[in-house]
Amino acid sequence: MQDEEALLCPSSPPHLGESVLIGVVSGTPEEPRVIPTERAIPVTQDIVDLARPVSPGEVFRFASRCRTAACIHFKNATCHIAARSTVLLDEVTGKLPYCAIRAQCRWFHQEGSDVCRRCPQIVTKQYAPSPEALKIVDEGEPPQ
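Read on for a plain summary of the structure. (Residues numbered from 1 in each chain as written. Predicted model: local features only at pLDDT ≥ 70, side-chain atom pairs only at ≥ 80, totals over all residues. Heavy atoms only, no water.)

Overall, antiparallel pairing links the four strands, which are arranged 1-4-2-3 in an open sheet. Of all the strands in the sheet, just strand 1 (8-12) and strand 3 (32-42) have a single pairing partner and so form its edges. Neighbour to neighbour, the strand axes of the sheet diverge by 30° on average, direction disregarded. The pairing of strand 2 (residues 20-27) with strand 4 (residues 60-65) spans four bridges and is antiparallel. Each bridged residue has a counterpart across the sheet, and for V20 the counterpart in strand 4 is A63. (Pairing = 2+ DSSP bridges. Helix = DSSP H or I, 4+ residues; strand = E, 2+ residues; numbered from the N terminus. Axes fitted to C-alpha atoms, helices over the stretch in contact; angles between N-to-C directions.)

This model, assessed by the stated rule, comprises one aromatic pair. Ring plane angle 65° and centroid distance 5.9 Å describe the contact between F60 and F62, whose orientation is recorded as edge-to-face. Pair check on accessibility: F60 and F62 agree, each one buried. Positioned above the aromatic ring of F108, the side-chain terminus of R102 is 5.9 Å from the ring centre. (Phe/Tyr/Trp six-rings, centres within 6.5 Å; stacked < 30°, edge-to-face > 60°. Buried < 20%, exposed > 50% of the residue type's maximum accessible area, 1.4 Å probe, protein only. Lys NZ or Arg CZ within 6 Å of the ring centre and 35° of its normal.)

Pasting the structure below:
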């Protein structure tokens, strides 16, 4: 079992000196797709500045240490973003997409490859999220 302290959240804000860039948002606002980077790239101010004038989370996907109980989406030893995504979202790829952090990914360790086939459609920051995206971040209990 992976050390809980070493697991990464694959949809975190960019924390300078702590986070890594793992994807670039592509597609449309209605159907976003995250294109994974070949490797996890340490986040610098230059990377954050590339997103201007919008929020870095609209343009990039970042990963950083999973904050477990300090995160509003983590309850009862479960990341509810990962749990809801697996239940509420359709798969967007039939094969397991490349991922620079899979070995350390909280979502993968919790939900397995099912969440990986949904992961490319998850964008951290959206100003006009779909109804499905809003259900993913709902702070209530995940659907069964």
